[in-house]
Amino acid sequence: MHMGVDNTIIDGVFKVIVNLISTIMNAIISALFVNKYIAIVIYFILVNLLAIFLMKKDKKLAKIPDARRIRESTLLIVAFAGGGIGEYYAMYKYKHKTLHQKFLVGVPLSILLYFLVLSYTLFVGIVA
């Protein structure tokens, strides 16, 4: 019985996250673009470029003593906002955060979540 409660909570949280991301994508698409596919591609490119830039910058800052670094939470938020592929690429290109468990799990999870939300949005039709 206890296991079922945990699964119900996880399912509920997942549905909230999917709906929130779908709503945000819908708002961006409605406000900025007529063609939703072009908007999604542009968003995907921009957020992944941002992720690469932030990882590279944080790697450079890591080499400077007492430098103010980019927060790990910021890097993970960018990954979960759709920049997971860029962040994953940058992790290994710049050899940065590759030993941190939260990045080893979180970034691939963000990629999976992004494509699940994108698939749901495009094929179920939340984005009209």
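Quick notes on the rules
- Residues numbered from 1 in each chain as written.
- Predicted model: local features only at pLDDT ≥ 70, side-chain atom pairs only at ≥ 80, totals over all residues.
- Heavy atoms only, no water.
- Helix = DSSP H or I, 4+ residues; strand = E, 2+ residues; numbered from the N terminus.
- Buried < 20%, exposed > 50% of the residue type's maximum accessible area, 1.4 Å probe, protein only.
- Contact = heavy atoms within 4.5 Å.
- Phe/Tyr/Trp six-rings, centres within 6.5 Å; stacked < 30°, edge-to-face > 60°.
- Polar contact = N/O pair within 3.5 Å; in protein donor to acceptor, adjacent residues only side chain to side chain.
- Patch = residues over 30% accessible without salt bridge, like charges linked within 9 Å, V, L, I, M, F, W, Y side chains within 5 Å.
- Areas by Shrake-Rupley, 256 points an atom, 1.4 Å probe, with all protein chains shown as cover.
- Salt bridge = Lys/Arg side-chain N within 4 Å of Asp/Glu carboxyl O.
- Expected span 1.5 Å × (residues − 1).
- Bend = angle between axes of the 7 residues up to and from the residue.

Asks: What's the story with the overall build of the chain in this structure? I'm lost.
Replies: The helix and strand tally for the chain stands at four helices and zero strands. Shown N-terminal to C-terminal, the secondary structure of the chain runs as helices and strands in the order α-α-α-α. A burial count over the chain gives 30% of its 128 residues as buried. In the chain, once contacts between residues fewer than 6 apart in sequence are set aside, the share between residues at least 24 apart is 66%.

Asks: Honestly, the packing of aromatic side chains in this entry has me stumped. Any pointers?
Replies: Two descriptors summarise a pair of aromatic rings, namely the distance from one centre to the other and the angle between the planes of the rings. Under the defined criterion, the tally for this structure stands at four aromatic pairs. Note on Phe44 and Tyr114: the rings are 5.7 Å apart at their centroids and 25° apart in plane angle, and the pair reads as stacked. With Phe44 in helix α2 (residues 36-62) and Tyr114 in helix α4 (residues 101-125), this residue pair connects regions lying 70 residues apart in the sequence. Grouped by ring-pair contacts, the aromatic residues Phe44, Tyr114 and Phe115 constitute a single cluster.

Asks: Please clarify how the side chain of Asn48 should be interpreted in this entry.
Replies: Looking at the element boundaries, Asn48 is found in helix α2. A distance of 3.1 Å separates a polar atom in the side chain of Asn48 from the backbone oxygen of Gly82.

Asks: What's the story with the environment of Asn26 in this structure? I'm lost.
Replies: Mapped onto the fold, Asn26 is located in helix α1 (residues 2-32). The exposure class assigned to Asn26 is partly exposed, which follows from its relative accessible area of 26%. Taking the C-alpha atoms as reference, Asn26 lies 10.0 Å from Ala39; in sequence the two are 13 residues apart.

Asks: Just checking my understanding: could you explain a nonpolar patch on the surface for this structure?
Replies: Taken together, Ile38, Val41, Ile42, Ile45, Leu46 and Leu49 make up a surface patch of nonpolar side chains, about 520 Å² in accessible area. Take Ile42: it is sitting in helix α2. For Ile42, a relative accessible area of 33% translates into the label partly exposed.

Asks: I keep staring at helix α3 (residues 72-93) and nothing clicks. Help me out?
Replies: Each turn of an α-helix holds 3.6 residues, which means side chains three or four residues apart point in the same direction. With 22 residues, α3 extends just 18 Å between its outermost C-alpha atoms, more than 12% less than the 32 Å of an ideal straight helix rising 1.5 Å per residue. Bending of α3 peaks at approximately 125° at the position of Gly83. Those residues of α3 not exposed but buried are Leu75, Leu76, Val78, Ala79, Gly82, Gly83, Gly84, Gly86, Glu87, Ala90 and Met91. Once α3 finishes, Lys95 follows within two positions and takes phi at roughly 50°, a positive value.

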